[in-house]
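# Analysis of the macromolecular model
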Amino acid sequence: MAVRNIITLPDPLLRKKSAAVERIDAELKALADDMLETMYAAPGVGLAAVQVGVPRRLIVLDATSKEEEHRPLVLINPEIVELGAEMRVYEEGCLSIPDVRLEIERPATVKVRYLDREGRPQELAADGLLATAIQHEIDHLNGKLIIDFLSRLKRDIIVRKFKKQAKSVKAPEKGSDKAPDKAPDKAPDKAPDKAPDKAPDKAPDKASEKGSDPAGLTP
Ligand SMILES: [Zn+2]
């Protein structure tokens, strides 16, 4: 197993629709194992294959809290078969959009069908953080990101910021005459803190503020 590199905005691959997995072979299992290791190292609660540069319909998840034992999930060709009517707001982050956290409203429960790591058909009914994470990761397979929940204006601001960062990493600007006023707000070469692909700790407060967390399956 190995930790793989996570691609970040504005990598165009993040906008690509991932293709179905056609064969579950040793290579795919190794990818799934690497993805789990990468997710735990980040740390995050979910990761889609496209985030490590492989646009295939494969996601890994573990929405257990730190105190619990790990419960890794590998979902191959996941399909949502049912979304609950009740909505819920979580503050979500994304490993591919470091340091951005957004409150996002999604159905509170979800039923998903998929093949597990051994290729067996499975169905899973999820709520709480896991339900949010499943939807977040399946969005990745369709080229959708959490910033797509924002207005176009706000989304553009974030995208522009990441484009600028990417540029400054690639080609350190040499005393160009434009924009002398913006001292780099970040050392470009410092690895950004990987904000987890998760709607973590603060989420329960937010959710309960809105009175939408009766079950409290959240960590
Ligand atoms: Zn994400």
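None of the values given here were measured: they were computed from a predicted structure.

### Observations concerning helix 1 (residues 26-41)
Its 16 residues place the ends of helix 1 22 Å apart at the C-alpha level, agreeing with the 22 Å of an ideal helix rising 1.5 Å per residue. Looking only at helix 1, the buried set comprises Leu28, Ala32, Met35, Leu36, Thr38 and Met39. The buried residues of helix 1 all sit within an arc of 165° when viewed along its axis, so they share a single face. In helix 1, those exposed residues whose orientation departs by more than 90 degrees from the buried face are Ala26, Glu27, Ala30 and Ala41. Where helix 1 is buried, its residues meet strand 1 (46-48), strand 2 (58-61) and strand 3 (73-83).

### Some details on the sheet that holds strand 6 (residues 109-115)
Here we have 5 strands laid out as an open sheet, ordered 1-2-3-6-7, and antiparallel in their pairing. Only two strands of the sheet have a single partner each, and these edge strands are strand 1 and strand 7 (121-127). Strand after strand, the sheet turns through a mean of 40° between neighbouring axes, direction not considered. In this structure, strand 3 lies alongside strand 6, joined through 5 bridges in antiparallel fashion. Paired with isoleucine 76 across the two strands is leucine 115, which belongs to strand 6. Sheet strands touched by helix 1: strand 1, strand 2 and strand 3. Its angle to strand 2, the strand with the most contacts, is close to 40°. Here helix 2 (residues 128-141) sits on the sheet in contact with strand 1, strand 2, strand 3, strand 6 and strand 7, set at roughly 155° to strand 2.

### Observations concerning the nonpolar core
In terms of nonpolar packing, the biggest core is built from 42 residues, with Met35, Ile59, Val60, Leu61, Leu75, Leu130 and Ile134 touching the most fellow members. Put simply, the parts of the chain that give this core at least two residues each are helix 1, strand 1, strand 2, strand 3, strand 6 and helix 2. In terms of residue count, the dominant contributor to this core is helix 2 (7 residues). Setting aside anything within four residues of it in sequence, one finds leucine 61 in contact with Val45, Gly46, Leu73, Leu75, Leu130, Ala133, Ile134 and Glu137.

### A word on the pairing of strand 4 (residues 87-92)
Here strand 4 shows a buried face lined by Arg88, Tyr90 and Glu92 and an unburied face lined by Met87, Val89 and Glu91. Here strand 4 pairs with strand 5 (residues 102-107) via 6 bridges, running antiparallel. Following the sheet pairing, glutamate 92 is matched in strand 5 by leucine 102.

### Focus: the pairing of strand 7
In this sheet, strand 7 lies alongside strand 6 in antiparallel orientation, the contact comprising 7 bridges. Directly across from threonine 109, in strand 7, lies its bridge partner aspartate 127. In sequence, strand 6 turns back onto strand 7 through a hairpin of 5 residues, with glycine 119 there showing a positive phi of about 85°.

### Some remarks on the confidence of the model for the protein chain
On average, residues of the protein chain score 85 in pLDDT, and 78% of them reach the 70 mark or higher. Below pLDDT 50 for its whole length, residues 178-184 participates in 1 contact with residues either more than four positions away or in separate chains. Predicted confidence for residues 190-195 stays below pLDDT 50, and this span has 11 contacts to residues more than four positions away or in other chains.

Basis of the calculations
Residues numbered from 1 in each chain as written. Predicted model: local features only at pLDDT ≥ 70, side-chain atom pairs only at ≥ 80, totals over all residues. Helix = DSSP H or I, 4+ residues; strand = E, 2+ residues; numbered from the N terminus. Expected span 1.5 Å × (residues − 1). Buried ≥ 20, exposed ≤ 12 C-beta atoms within 10 Å, placed from the backbone. Arc of directions from axis to C-beta. Contact = placed C-beta atoms within 7 Å. Pairing = 2+ DSSP bridges. Axes fitted to C-alpha atoms, helices over the stretch in contact; angles between N-to-C directions. Core = buried A, V, L, I, M, F, W, Y, C linked by C-beta atoms within 7 Å. pLDDT = per-residue confidence, 0-100.

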